[in-house]
Amino acid sequence: MQNPRRRLPLRAIAVFESVARRRSFQAAARELFITPSAVSQQIKKLEEQLSLRLFERRAQGIAPTEAALRLLPQVSSALAELDAAFTAAADPAPSLTVSTLPSVASAWLVPRLFRFRQRCPGTAVRLETGAHLSNLQRDGVDLALRYGFGAYPGLRSEKLLDELCTPVGHPDYFRKRPLRDIAGIAGHPLIDDESVFDGVPYNDWKGWLARSGVDAARVNIVMTFTDSGMVLKQTLAGQGLALGRSLIVMDDLVHKSLRAPLAVATPTGTGYYLVGAADRPQKPEAREFSDWIREEFQHHRKLMRQHFPPAKNA
C-alpha cells in the first residue's frame, strides 16, 4: 500500500517565498503581517519537514541556500497561480490573461503582482509563461510583456523600457576577486546566457566584450545555459560573473544579493514591450493592468539610473 501523498504546509511555503524574495525575516514579517518569530517558526517547520536547509543564518542576516534559490521561481509562480485560481473560483469575473517570459515572470513580474491585486482586488490574473510568442488572437491572451526589437505586425505595442546590461556577481565573490574595470573581466570565470526568444538572442559575453574593446578570445566561460533563470541562480551561488539584464537583476541589486561593481551599463538594442491585439477593443481589466505596469516600469527606470547609469558614450 502506497503512503498518502505528503502534505506540505502551504502557510510555511508562502512564508518561505516571502523570505527568499525579500532576503529578510523582518521584511517578510512586515509583508505578511506576522511577527519575525512566527516567520522563523514557519521556516523551521518547513526545513524539518523537507529535511532540507533553506537559509544560512549569518551574523549580518540570512542568505538563501542554493536549494532555496532553485525553488523560489517555481514557488512564486505556483502561489500566483493559486491566488488567481481561488479568486476566479470565488468570483469568475473579471479576469485577465498575461503572457511573458519565465525569467521576466519569476525575477520581476510575479514579485510585483501583489500591488496590482491591491489596486484591482476583483480581477483574477492568469499568467502564462514560455519561451514562445503567444498568439494573442488565438490563445485568449489579453496582454503580453515581450522582449525584443519591437516588430510585432498586426499587434498594438508600446515600449516600456530600453534594456541595459552590466556585469554582476555575488558580493562574497567580489570580496575575494575584485573587479575594477572591463579589461579585468577576462580573468574571471564567466556564466554565459545563450537564451533565444523568438529569434532574439540575449547578450552573450563574447559579443558584449568585443563591443567593449576587450579581446573576447581570452575570456574564461565556465558555464553556459539556455535558461536565464539558471544563469541567475548560478550567479547568486557565487559561481562567477554573469552579464546581468537590468530587469532581471534589479531586485537582487536593491537587496544587495548581487553587485554591479562597474559604474557602467550598456544598451542591448532590445527592450520590453506591452503588446495587445489590435483587432479587438481592450477590456477594462487590461487597461487597468496597462496603467499599473507603466507605473512599475517608471519606478524601475529610476532604480536603473541609481544603480548603473548608462555609459557616457552610449
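Residues numbered from 1 in each chain as written. Predicted model: local features only at pLDDT ≥ 70, side-chain atom pairs only at ≥ 80, totals over all residues. Heavy atoms only, no water.

**Some words on the overall build of the protein chain**
Selection rule: Secondary structure elements follow DSSP: runs of H or I no shorter than four residues count as helices, runs of E no shorter than two count as strands, and numbering proceeds from the N terminus. We call two residues contacting when some pair of their heavy atoms lies within 4.5 Å.
The secondary structure content of the protein chain amounts to 11 helices and 12 strands. Taking as baseline every contact in the protein chain between residues at least 6 positions apart, the subset at least 24 positions apart corresponds to 78%.

**Describing the sheet that holds strand E12 (residues 266-277)**
Cut-off, in case you're wondering: Any two strands between which DSSP finds at least two bridges are classified as paired. Axes here mean lines fitted to C-alpha atoms, for a helix over just the part in contact, with angles spanning 0 to 180 degrees between N-to-C directions.
Pairing is mixed across the open sheet formed by eight strands, whose spatial order is E4-E3-E5-E12-E6-E11-E7-E10. Strand pairing shows two members of the sheet lacking a second neighbour, strand E4 (124-129) and strand E10 (220-225), which therefore form its edges. On average, adjacent strands in this sheet sit at an angle of 25° to one another, irrespective of strand direction. By the bridge criterion, two bridges tie strand E7 (residues 189-193) to strand E11 (residues 241-245) in an arrangement that is parallel.

**Here we look at the nonpolar core**
Our working rule: Joining through side-chain atoms within 4.5 Å is the link that ties buried Ala, Val, Leu, Ile, Met, Phe, Trp, Tyr and Cys residues into a set, and such a set is a nonpolar core. Burial classes: relative accessible area under 20% of the type maximum marks a residue as buried, over 50% as exposed, and values in between as partly exposed (1.4 Å probe, protein chains only).
In terms of nonpolar packing, the biggest core is built from 45 residues, with Leu-109, Leu-145, Tyr-272, Phe-289, Ile-293 and Phe-297 touching the most fellow members. Excluding anything up to four places from it in sequence, Leu-145 contacts Ser-99, Thr-100, Leu-101, Val-104, Trp-108, Leu-160, Tyr-272, Tyr-273, Ile-293 and Phe-297. Grouped together as the second largest cluster of nonpolar side chains are 17 residues, Ala-12, Val-15, Val-19 and Ala-29 included.

**With respect to the pattern of salt bridges**
Our working definition: Salt bridges are identified by distance alone: a Lys or Arg side-chain nitrogen within 4 Å of an Asp or Glu carboxyl oxygen.
With the rule as written, the count across this model stands at 19 salt bridges. Glu-296 is paired through a salt bridge with Arg-112; the nearest N and O atoms lie 3.8 Å apart. With Glu-296 in helix H11 (residues 284-307) and Arg-112 in the loop between helix H5 (102-109) and helix H6 (113-119), the pair connects residues that are 184 residues apart, well separated along the chain. Arg-112 gets classed as buried once you look at its relative accessible area, which sits at 7%. Ionic contacts of the salt-bridge type, sharing partners, join the residues Glu-17, Arg-21, Arg-22 and Glu-31 into one network.

**What to know about the packing of aromatic side chains**
To keep it simple, the criterion reads: Only Phe, Tyr and Trp rings take part, Trp by its six-membered ring, and two of them pair if their centres are within 6.5 Å. Stacked means planes under 30 degrees apart, edge-to-face means over 60, and tilted covers everything else.
Evaluation of the coordinates by the stated rule reveals 10 aromatic pairs. For the pair Phe-16 and Phe-55, a centre-to-centre distance of 5.9 Å together with 55° between the ring planes defines the contact as tilted. With Phe-16 in helix H1 (residues 10-22) and Phe-55 in strand E1 (residues 55-58), this residue pair connects regions lying 39 residues apart in the sequence. For Phe-16, a relative accessible area of 2% corresponds to the buried category. Given a relative accessible area of 0%, Phe-55 falls into the buried group.

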